[in-house]
Amino acid sequence: MKTIGKIALLTVTLFAFGAVQAQDDVGQKNSTCRIIADKAIMYIPNRIVELFDIFSLELGSGATAKLGLRITHAAGIGAGIGPTGKIVKGFNRTYGFALDDGWQAYFLAIGKGDLTREYTIGNVPDFWYVYDGMQLPGEPIFADKIKDYWAMEVEAALLADVKFALHPLNIADFITGIFCYDLLGNDYKLLVD
């Protein structure tokens, strides 16, 4: 009798374990199918958004004078002073309006500046950035993705202000995204993980 009880208990245990394992396999297959469907549905919208991530553009006006060219924030030449009210299509998918003020001067890797951005509308972040010497990518303004350390920028202003920047990491993200690899991990998803 004890042997029959042991066999029955073993049979029930194996059956239960097999059912749980089969359920896990079905869940994994469904999860994989959902991920593939999500990537397929969001492929075109993500490529369009990433295409616009490649550049940023700021247009404004104010009592300002600026002229500058940066290869990255590690190297450039330029100077500027004065407040500017701006329309911003910025880095890290920020869009809106802002008031920029302050001054800066930089030559090659060395610079000095005191810049503010406030009275923002949209998802454009406020900041106050004071620097003296060489700018480094680990500084909070770059680490928090408020500004792009690697941006290649050109800015010119005399009452009217135009600033254009290309973002090399976003260019790489766009190219790898064509081959279904999200380099920066910023693709939009329909499903929540």
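Residues numbered from 1 in each chain as written. Predicted model: local features only at pLDDT ≥ 70, side-chain atom pairs only at ≥ 80, totals over all residues. Heavy atoms only, no water.

1. Focus on the overall build of the protein
Okay, so step 1: Broken down by element type, the protein carries three helices and seven strands.
Okay, so step 2: For the protein, the α and β elements follow one another from N to C terminus as α-β-β-β-β-β-β-α-β-α.
Okay, so step 3: By residue count, 33% of the 193 residues in the protein fall in the buried class.
Okay, so step 4: Accessible surface, the protein: about 12100 Å² in total, of which carbon and sulfur atoms supply 73%. (Helix = DSSP H or I, 4+ residues; strand = E, 2+ residues; numbered from the N terminus. Buried < 20%, exposed > 50% of the residue type's maximum accessible area, 1.4 Å probe, protein only. Areas by Shrake-Rupley, 256 points an atom, 1.4 Å probe, with all protein chains shown as cover.)

2. Here's the deal with the pairing of strand β1 (residues 55-72)
Okay, so step 1: Bridge count between β1 and strand β7 (residues 152-166): 13 bridges; the pairing is antiparallel. Paired with Ser61 across the bridge in β7 is Ala160.
Okay, so step 2: Bridge analysis of β1 against strand β3 (residues 84-90) gives five bridges, and the strand direction is antiparallel. Looking at β3, one finds that Ser61 is bridged to Gly85.
Okay, so step 3: Sheet topology note: the β1/strand β2 (residues 75-81) ladder contains seven bridges and is antiparallel. Paired with Ala65 across the two strands is Ile81, which belongs to β2.
Okay, so step 4: The antiparallel pairing of β1 with β2 creates a hairpin that spans two residues between the two strands. (Pairing = 2+ DSSP bridges.)

3. A word on helix α3 (residues 168-178)
Okay, so step 1: Considered for burial, the residues of α3 that qualify are Asn170, Asp173, Phe174 and Gly177. Buried positions in α3, seen along its axis, are confined to an arc of 100 degrees and lie on one side of it.
Okay, so step 2: Cys180 occupies a position one or two residues after α3 and carries a positive phi of about 65 degrees. (Arc of directions from axis to C-beta.)

4. Digging into unusual backbone geometry
Only a minority of non-glycine residues have a phi that is not negative, and only a minority of peptide bonds are not trans.
Okay, so step 1: Even without a glycine there, the phi angle at Leu108 is positive, about 55 degrees.
Okay, so step 2: Among the secondary structure elements, Leu108 is positioned in strand β4 (residues 94-108).
Okay, so step 3: Under the relative-accessibility criterion, Leu108 is labelled exposed at 54%.

Function-wise, these values are silent; they only describe arrangement.
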